[in-house]
Amino acid sequence: MSRNVTNKNKILKRTNGWNDVGFHGSNVISTPNIDALAYSGVILNNYYVQPLCTPSRSAFLTGMYPFHTGMQHIVILAASPYGLPLNFTIFPHYLKRLGYSTRLVGKWHLGNFRKEYTPTFRDFDSHYGYWTGVIDYFNYTYAYEPNGYSGHSFRRNLKNEYPKIGTYATDLFTDESVRIINEHDPSKPLFLYLAHLAPHVGNPGARLQAPEEVIQRFSYIEDKDRRVYAEMNVNFLSIFIIIFFICVSAMLWKLDESVGRVTKALQDNNMLDNSIIVFTTDNGGEGGDLVGSASTNWPLRGGIAKATTYEGGIRGSAFIWSSLLNDPGRVSMEMMHITD
């Protein structure tokens, strides 16, 4: 880095396949905003994550491999009586000691059975989103697990939040991120952790969801599921350290749109030149009959390999962008893991 950095943005995209983004050669799904940042930053081409979301998120926030924290197993379900153990200090704690404002927008998924395990008790100044693994994109309910637990799952900090039914979740998270940036005191550094729902599948019965007008943009894609997935991925970005967890064409298009809007907000507020943007998935893509998704990890082994340790399940799409980089516009083949 060439000078001091004050803003960190991490964008975490959910369940994004290796071949779902343009900077990895996809010629079906358009991700121009994501690609522009990737090509002018450093593409991490030998980058690995965990095969599921809870293990990857715990690894990122603690900097420790999940078997050291007890998070190496299956994902945390809504009624699970455990979470990331409280004796582990997570990333925002250290940033707060340096004077950062710490914000989480989107998914948590590291435990919620007691309030002490929720984001605002773990050094995030605010949280807007959901504690569970997945919600419906339009009505924000959780109905994902076999034991029958279901219900509204959207919060602002500890309180239930009730967005207008029918507003697409990707847009809600983008709007909140843009609001945070616009209202931020520029004299204080910001850490924005934007953990999108997209392009992960929704609840059973409505797996792939995107606004109809965006789906129509991809009418040239013959596979309907792939068409919806493409729309889901265009909205995704946040300030200072941004992590994108991506899930497919219409969904991806919305994710990409989100990245563009967040980047523009940083620029409009004179924050972009002093920001680091980190874009990463939390695991490989899931597709086909496995979960009703339409992602692709081609040419990696394990075409529908989420939850496996095949390359398709753990080799992640990622890049780092910053005007502070000394040698941008390149592809790095150095091995990295999400703990790094």
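Being a predicted model, the structure only gives us computed values, none of them experimental.

Along the backbone of the protein chain there are eight helices and 17 strands. Counting all 340 residues of the protein chain, 62% fall into the buried class. Accessible area of the protein chain: about 13200 Å², with a carbon and sulfur share of 51%.

Below, the discussion takes up helix α1 (residues 32-39). Looking at α1, one finds that the buried residues are I34, D35, L37 and A38. Viewed along the axis of α1, the buried residues span an arc of 165°, placing them on a single side of the element.

Glancing now at a nonpolar patch on the surface. Side chains of I74, Y82 and F113 sit close together on the surface and give an oily, nonpolar patch of about 270 Å² of accessible area. Within the fold, Y82 resides in the loop between α2 (53-62) and α3 (91-97).

In this section: the pairing of strand β4 (residues 101-107). Consecutive side chains along a regular strand alternate between the two faces of the sheet. The element β4 is largely enclosed, with a buried count of six among its seven residues. Pairing of β4 with strand β10 (residues 190-195) involves six bridges; the strand directions are parallel. Bridging from a neighbouring strand, G106 pairs with A195 of β10. Sheet topology places β4 next to strand β5 (residues 126-130); five bridges connect them, and they run parallel. Looking across to β5, one finds that R103 is bridged to S126.

A separate point is the pattern of salt bridges. By the definition in use, this model includes 13 salt bridges. Taking the shortest distance from any N to any O, the salt bridge between K254 and E257 comes out at 2.7 Å. Of this pair, K254 and E257 both sit in helix α7 (residues 249-268), three residues apart, roughly one helical turn. Of the charged contacts, one joins R315 and E311 as a salt bridge, the two residues approaching to 3.6 Å between their closest N and O atoms. Residue class for E311 comes out partly exposed when judged on its relative accessible area of 29%. A single network of salt bridges, built from pairs that share partners, joins R156, E161, E176, R179 and E183.

To continue, consider the confidence of the model for the protein chain. With 74% of its residues at a pLDDT of 70 or more, the protein chain shows a mean pLDDT of 82. Low pLDDT, under 50, characterises residues 226-247; the stretch is placed with 264 contacts to residues that sit more than four places away or in other chains.

For the rest of this paragraph, the subject is the pairing of strand β15 (residues 318-321). Summarising the sheet, strand β2 (residues 42-44) and β15 pair through two bridges and their orientation is antiparallel. Among the inter-strand pairings, I43 is bridged to a residue of β15, identified as F319.

Moving on, we come to helix α4 (residues 169-183). With 15 residues, α4 should cover 21 Å at 1.5 Å per step; its first-to-last C-alpha distance of 21 Å lies within 8% of that length. For α4, a buried count of 11 out of 15 residues is recorded, marking the element as mostly surrounded by other parts of the structure. Within the span of α4, buried status applies to A169, T170, D171, L172, F173, T174, E176, S177, V178, I180 and I181.

This part takes up the nonpolar core. When a protein is soluble and globular, its nonpolar side chains tend to lie buried together. In this structure, V105, Y137, F154, F173, I181, L197 and F319 are the most contacted members of the largest nonpolar core, which totals 43 residues. Every element with two or more residues in this core is listed here: α1, β5, α4, β10, α5 (212-215), α7, β12 (275-281) and β15. Per-element accounting of this core gives the leading share, seven residues, to α7. Non-local contacts of F154, meaning those with residues more than four positions away in its chain, are made with Y128, G129, I135, Y140, K159, N160, E161, P163, L172 and F173.

Okay, unusual backbone geometry next. Positive phi, close to 65°, is recorded for Y140, a residue that is not glycine. Mapping Y140 onto the fold places it in the loop between β5 and β6 (141-142). Judged by its relative accessible area of 0%, Y140 falls in the buried class.

Moving on to the packing of aromatic side chains. Considering all chains together, one arrives at 17 aromatic pairs under this definition. Pairing W108 with F124 gives two aromatic rings, centres 6.3 Å apart and planes at 85°, and the pair type is edge-to-face. With W108 in the loop between β4 and β5 and F124 in the loop between β4 and β5, the pair connects residues that are 16 residues apart, well separated along the chain. Accessibility classification places W108 together with F124 in one group, the buried group. Each ring, one from Y130 and one from F173, has its centre 6.1 Å from the other, and the planes form 25°; the classification is stacked. A residue pair is termed long-range when its members are at least 10 positions apart, and Y130 in strand β5 and F173 in helix α4 qualify at 43 residues. The residues Y130 and F173 share a single accessibility class, namely buried. Taken together, the ring pairs in this structure connect F60, F91, W108, F124, F191 and Y193 into an aromatic cluster. The ring of W131 carries the charged tip of R155 above its face, separated from the ring centre by 3.9 Å.

Conventions we followed
- In every chain, residue numbers begin from 1 and rise along the written sequence.
- In view of the model being predicted, local features appear only for residues whose pLDDT reaches at least 70, and side-chain atom pairs are presented and counted only at 80 or more, with totals across whole chains, interfaces and linings using the full set of residues.
- To obtain the side-chain values, all non-hydrogen atoms of the structure were included, while hydrogens and water were left out.
- In this description a helix means any DSSP run of H or I spanning at least four residues, a strand means any run of E spanning at least two, and both kinds are numbered starting from the N terminus.
- Under the scheme applied here, a residue whose accessible area is under 20% of the maximum for its type counts as buried, over 50% as exposed, and between as partly exposed, the area being computed with a 1.4 Å probe on protein chains only.
- Surface exposure here means Shrake-Rupley accessible area, sampled with a 1.4 Å probe, where a residue is shielded only by the protein chains that are shown.
- Each C-beta atom gives one direction from the helix axis, and the arc is the one those directions make.
- Here a patch means residues that are over 30% exposed by relative accessible area and free of salt bridges, tied together within 9 Å if like-charged and within 5 Å if nonpolar (Val, Leu, Ile, Met, Phe, Trp, Tyr).
- By definition, a salt bridge exists where a carboxyl oxygen of Asp or Glu is found within 4 Å of a side-chain nitrogen of Lys or Arg.
- Strands qualify as paired when DSSP identifies two bridges or more between them.
- The pLDDT value expresses, per residue, how confident the predictor is, ranging between 0 and 100.
- It only takes one pair of heavy atoms within 4.5 Å for two residues to be counted as in contact.
- Given a helix with a known number of residues, its expected span is that number minus one, times 1.5 Å.
- By nonpolar core we mean a set of buried residues, namely Ala, Val, Leu, Ile, Met, Phe, Trp, Tyr and Cys, connected to one another through side-chain atoms within 4.5 Å.
- Note on ring pairs: Phe, Tyr and Trp rings are taken, using the six-membered ring of Trp, and paired if centres are within 6.5 Å. Classes follow the plane angle, with under 30 degrees stacked, over 60 edge-to-face and the rest tilted.
- Here, over-ring charges are defined by two tests on the NZ atom of lysine or the CZ atom of arginine: distance to the ring centre within 6 Å, and angle to the ring normal within 35 degrees.

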